[in-house]
Amino acid sequence: MIPPKNVLNCVLLTLIWTALLLTGCPAEPDVPPTLSDAVVLTRSHLVSYTPGSTLEVTLTIEVREDVDISAIALVETPPPGWVYTGATSPQGGLPALRPQTGTEGEMNFVWIQPPNFPYTFTYSLGIPLNASGTATIQGHAEFRQGDGGAETTNTLTSSAQEL
């Protein structure tokens, strides 16, 4: 025999379930996605480095299908003393504006005409002979949708450890 308390719980659950079936479950609000999740930036590179060598950093930019990007820029900040040595892309269409070879500090990659997405390119960093410890790279994307204002993605941080 089922104890009376459990019978009451079963009856209440049945009533609630029946009410939901008859009236329908509340719908999720139709909230359009925000621009902050319109562009996704990913970075990959080796997890270790050797002082005096180079580190290849690969960035991939993905854009939601319903978003019309009219301009995009990537801002990357390598460790102090590390220098930009060049960029390549198997897809072509390197950014119209990019750092000059030998640039240290913040580097800007700017497409006036955005590439086809998803887009991947690789840039190289020259590592100084006196580099040591953990090296951190930070960056984010800045983009414009149509004629709207600029939006920024979250900052992406990655690191490599000295061998």
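(A) Region of the structure containing the overall build of the chain. Helix and strand counts for the chain come out as one helix and ten strands. Looking at the chain alone, contacts between residues at least 24 apart form 69% of all its contacts between residues at least 6 apart. Only carbon and sulfur atoms are counted for the fraction: they give 58% of the accessible area of the chain, which is about 10,000 Å².

(B) Quick peek at the packing of aromatic side chains. Scanning all chains against the criterion turns up eight aromatic pairs. Here the aromatic rings of Phe121 and Tyr123 are separated by 6.4 Å at their centres, their planes lie at 40 degrees, and the arrangement is tilted. The pair formed by Phe121 and Tyr123 is uniform in burial state, with each residue classed as buried. An aromatic cluster is present here, built from Tyr84, Phe109, Trp111, Tyr119, Phe121 and Tyr123 joined pairwise through their rings.

(C) Structural context of the confidence of the model for the chain. Per-chain confidence: the chain averages 82 in pLDDT, with 78% of residues scoring 70 or above. Mean pLDDT across the secondary structure elements of the chain bottoms out at helix H1 (residues 4-23), with 40, and peaks at strand S2 (residues 48-49), with 98. Contacts from residues 6-35, a stretch scored under 50 in pLDDT, to residues over four places away or in other chains number nine contacts.

(D) Inspection of the sheet that holds strand S1 (residues 39-44) at higher detail. On the basis of which strands lie adjacent, the open sheet formed by four strands has the order S1-S3-S7-S5 and antiparallel pairing. The outermost strands of the open sheet, each flanked by one partner alone, are S1 and strand S5 (83-88). Between one strand and the next, the sheet's axes are offset by a mean angle of 25 degrees, whatever the strand orientation. As judged from the six bridges shared by S1 and strand S3 (residues 54-63), these two strands associate in the antiparallel manner. Among the inter-strand pairings, Val39 is bridged to a residue of S3, identified as Val63.

Conventions adopted
- Residues numbered from 1 in each chain as written.
- Predicted model: local features only at pLDDT ≥ 70, side-chain atom pairs only at ≥ 80, totals over all residues.
- Heavy atoms only, no water.
- Helix = DSSP H or I, 4+ residues; strand = E, 2+ residues; numbered from the N terminus.
- Contact = heavy atoms within 4.5 Å.
- Areas by Shrake-Rupley, 256 points an atom, 1.4 Å probe, with all protein chains shown as cover.
- Phe/Tyr/Trp six-rings, centres within 6.5 Å; stacked < 30°, edge-to-face > 60°.
- Buried < 20%, exposed > 50% of the residue type's maximum accessible area, 1.4 Å probe, protein only.
- pLDDT = per-residue confidence, 0-100.
- Pairing = 2+ DSSP bridges.
- Axes fitted to C-alpha atoms, helices over the stretch in contact; angles between N-to-C directions.

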